[in-house]
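The chain contents come next:
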Amino acid sequence: MPAFAFDNTYARELPGLYTAWQPARVPAPQLLYFNAALAAELGLELAALQGEAGAAVFAGNVLPEGAEPLAQAYAGHQFGGFSPRLGDGRALLLGEVVDPRGQRRDIALKGSGRTPYSRGGDGKAAVGPMLREVLIGEAMHALGIPTTRALAVAATGERVLRERPWPGAVLTRAAASHLRVGTFQFFLAEGELVKLRQLLDYAIARHDPALAGTPGREMAFLRAVAQRQAQLIAQWMNVGFIHGVMNTDNMTISGETIDYGPCAFMEAYSPDTVFSSIDHGGRYAYGNQPGIARWNLARLAETLLPLVADENDEAAVQRVVAEATAVIDGFPVWYAQALLQGQRAKLGLLATADDEEDGRLVDAWLALLQNQAVDFTLAWRLLADVAEGQPEPLFALFGDLFRDRAALDAWLQQWQARLAQDNAASPLPPAERAAAMRRVNPWVIPRNHQVEAALAAATDGDMAPFHTLLAALQRPFDSDPALAPYAVPAPPAETAAYQTFCGT
Ligand code: AMP
Ligand code: MG
């Protein structure tokens, strides 16, 4: 039995959108991480992926049977500036597998050497950033947020030269697909409308099969992508996730989070939080993410317009522009709905009520957190204790920073009144309400200082801290006291100085 039952639709159906290419050979493959749970979910044949054979596959030295490695072409707006030709500069799609539930997934290598799209880059990746993708991606998955996932990380035995030499690694990633907004931009930039149409129909077959062959499917597809992104960004915002590099080549059609480069979780709540060392203008700051998603979706819309209206038919162009604009203007509305739905659950509210009033309640809470620089994750989590009649842990969190106790008391009273109203509509004992809140407000997130410590140890050859941190991140909602060390924010000075890096 081959390890992967490959069935490669991208290679078959989208010629012109990739270059067939082989991974680079590396000197000494060694398997650092294997995601057995994901392998089982994907229905992989494990026997061929163990030990040395597995290390050789996941380092790119041995191609698994049925793989047709290729570098995907895409374009992209990077920090607002358009590059017509990006593409997989250090990644290769090996192929696709259909899991036992019938879901098709890409299997791709990252860090597998130079390709025709590498430009000045070396096509390589280092152990630290690839294990970082494992930690943050698995944390997101455990938080219930759609994401690409790491299947394996193999060390290569070679050094990768960055600001200093680092041990090299290859990541194997599973994704609903690697189609991005930038994939569509590539064909528009090339003026290849026939291929753009093929790409659209391919994307529809893969992600929105109900739309296949329907008239008006172009705008319906745009709407479907926008609605998935609205759900996704709302989930990011409700856990304090900052992607850090929301270029159009890093925004999926599937609605999965992709490319864990400079991402990080916010600690003290502040909408202008930025960690990425290159994001000087704060374009991808926490609070800008919904606006950027909308901007990226407008770029996707632009690629679809020529498929719907002949550019010489002024009336038709105007009609389709109006239709696309309605979708793009729908995004903030869908986003706001998804956000508030999540926030209601975080506040322990089960029944819907007046949106504006609940929105104001949340805004007042966030203003309190911001004014008093309180940890976002813990503040939400400790509201569950308050719901059970134990406000002390929340008071302790506000602690030394507690400049405005009266404001917190006033807000808690408003919230309690709202809870009482909710309880009248959907009665629930306080302990059960608190338990429901703890199922949506995580206790454990990837704390920046913990992630860095685990990656530093792994880079020096000690994988133990990585594995214990990963195990903690895989149960973010558990109240197990053993997880307490992973729930502590970094000292504020450390967070203030924290910087993350792209594509390192
Ligand atoms: P990212 O910001 O990581 O999504 O990457 C943006 C673009 O740069 C993509 O086209 C990548 O393939 C390319 N890239 C990033 N790092 C490297 C590298 N080390 N070598 C070649 N290309 C790279
Ligand atoms: Mg990318």
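Residues numbered from 1 in each chain as written. Chains lettered and ligands numbered in written order. Predicted model: local features only at pLDDT ≥ 70, side-chain atom pairs only at ≥ 80, totals over all residues. Heavy atoms only, no water.

> Give me the overall build of the protein chain: which residues, what numbers.
When helices and strands are tallied, the protein chain shows 17 helices and eleven strands. In terms of overall dimensions, the protein chain has C-alpha extents of about 65 × 65 × 45 Å along its principal axes. For the protein chain, the share of sequence-separated contacts (at least 6 apart) that also reach a separation of at least 24 residues comes to 73%. Entry remark: accessible area of the protein chain is about 19800 Å², with carbon and sulfur atoms responsible for 54%. Looking at charge distribution, the protein chain has the averaged site of its 40 positive side-chain charges lying 2 Å from that of its 55 negative ones. (Helix = DSSP H or I, 4+ residues; strand = E, 2+ residues; numbered from the N terminus. Contact = heavy atoms within 4.5 Å. Areas by Shrake-Rupley, 256 points an atom, 1.4 Å probe, with all protein chains shown as cover. Lys, Arg positive; Asp, Glu negative; His and termini not counted. Charge placed at Lys NZ, Arg CZ, Asp CG, Glu CD.)

> Go over the site of ligand 1, please, and point to the residues and values.
Of all residues adjacent to ligand 1, which total 18 residues, the nearest are Gly87, Gly89, Arg119, Gly123 and Asp259. Measuring from a nitrogen atom of ligand 1, one finds a side-chain N or O atom of Asp122 at 3.1 Å. Between Asn250 and ligand 1, the recorded distance is 3.0 Å, taken from a side-chain N or O atom to an oxygen atom. Calculation on ligand 1 without its partners gives an accessible area of 480 Å², and the protein chains cover 85% of this total. Its residues assigned to classes, the shell around ligand 1 shows two nonpolar, eight polar and eight charged. (Near = heavy atom within 4 Å. Polar contact = N/O pair within 3.5 Å; in protein donor to acceptor, adjacent residues only side chain to side chain. Nonpolar A, V, L, I, M, F, W, Y, C, P; charged D, E, K, R; others polar.)

> Quick rundown of the side chain of Asn250? Include the residues and the values.
Checked against the element boundaries, Asn250 lands in the loop between β10 (241-242) and β11 (264-265). Looking at Asn250, the relative accessible area reads 11%, which means it is buried. Here the side chain of Asn250 touches Val245 through a polar contact of 3.1 Å, landing on its backbone oxygen. (Buried < 20%, exposed > 50% of the residue type's maximum accessible area, 1.4 Å probe, protein only.)

> Residues and numbers for the coordination of the magnesium ion (ligand 2), please.
Looking at the magnesium ion (ligand 2), one finds its protein donor set to be Asn250 (OD1) and Asp259 (OD), positioned 1.8 to 2.1 Å from the metal centre. On the basis of relative accessible area, Asp259 is assigned to the buried category, the value being 15%. (Donors = N, O, S within 2.8 Å, 3.2 Å for Na, K, Ca; no water.)

> I'd like to hear about the pattern of salt bridges, residue by residue, with values.
Pairing between side chains of opposite charge can happen when the charged atoms of each approach one another. Within the structure shown, the criterion is met by 34 salt bridges. In this structure, Glu41 and Arg105 form a salt bridge, with 3.1 Å as the shortest nitrogen-oxygen distance. Linking Glu41 in helix α2 (residues 36-42) with Arg105 in strand β7 (residues 104-110), this pair joins segments that are 64 residues apart in sequence. Judged by its relative accessible area of 30%, Glu41 falls in the partly exposed class. (Salt bridge = Lys/Arg side-chain N within 4 Å of Asp/Glu carboxyl O.)

> So what's going on with the side chain of Thr377? Which residues, and what values?
For Thr377, the location among the structural elements is in helix α11 (residues 376-387). Residues in contact with Thr377, not counting those within four places in the same chain, are Pro442, Trp443, Ile445 and Arg447.

> Lay out the packing of aromatic side chains with the relevant residues and their values.
For the coordinates displayed, the defined rule picks out 20 aromatic pairs. Consider the rings of Phe184 and Phe221, whose centres lie 5.7 Å apart with planes at 35°: the pair is tilted. On the criterion of sequence distance, the pair formed by Phe184 in helix α5 (residues 181-190) and Phe221 in helix α7 (residues 217-239) is long-range, its members being 37 residues apart. Summarising the burial analysis for this pair, Phe184 and Phe221 share the class buried. (Phe/Tyr/Trp six-rings, centres within 6.5 Å; stacked < 30°, edge-to-face > 60°.)

> Can you lay out the pairing of β7 for me, pointing to particular residues and giving the numbers?
A large share of β7 lies buried, amounting to six of its seven residues. Where strand β6 (residues 91-98) and β7 come together, seven bridges link them in antiparallel fashion. From the neighbouring strand, Val98 faces β7, where its bridge partner is Arg104. As consecutive antiparallel partners, β6 and β7 are separated by five residues, and within that stretch Gly102 has a phi angle of approximately 90°, a positive value. Bridge analysis of β7 against strand β9 (residues 165-175) gives five bridges, and the strand direction is antiparallel. Looking at the pairing, Leu109 lines up with Thr172 of β9. (Pairing = 2+ DSSP bridges.)

> Tell me about a negative patch on the surface, and please be specific about residues and values.
A grouping of Asp310, Glu311, Asp313 and Glu314 is seen on the molecular surface, where their side chains present a negatively charged patch. One can find Asp310 in the loop between α8 (289-308) and α9 (314-346). Of the residues examined, Asp310 reaches a relative accessible area of 48% and is grouped as partly exposed. (Patch = residues over 30% accessible without salt bridge, like charges linked within 9 Å, V, L, I, M, F, W, Y side chains within 5 Å.)

Purely spatial values, then, with no claim about function.
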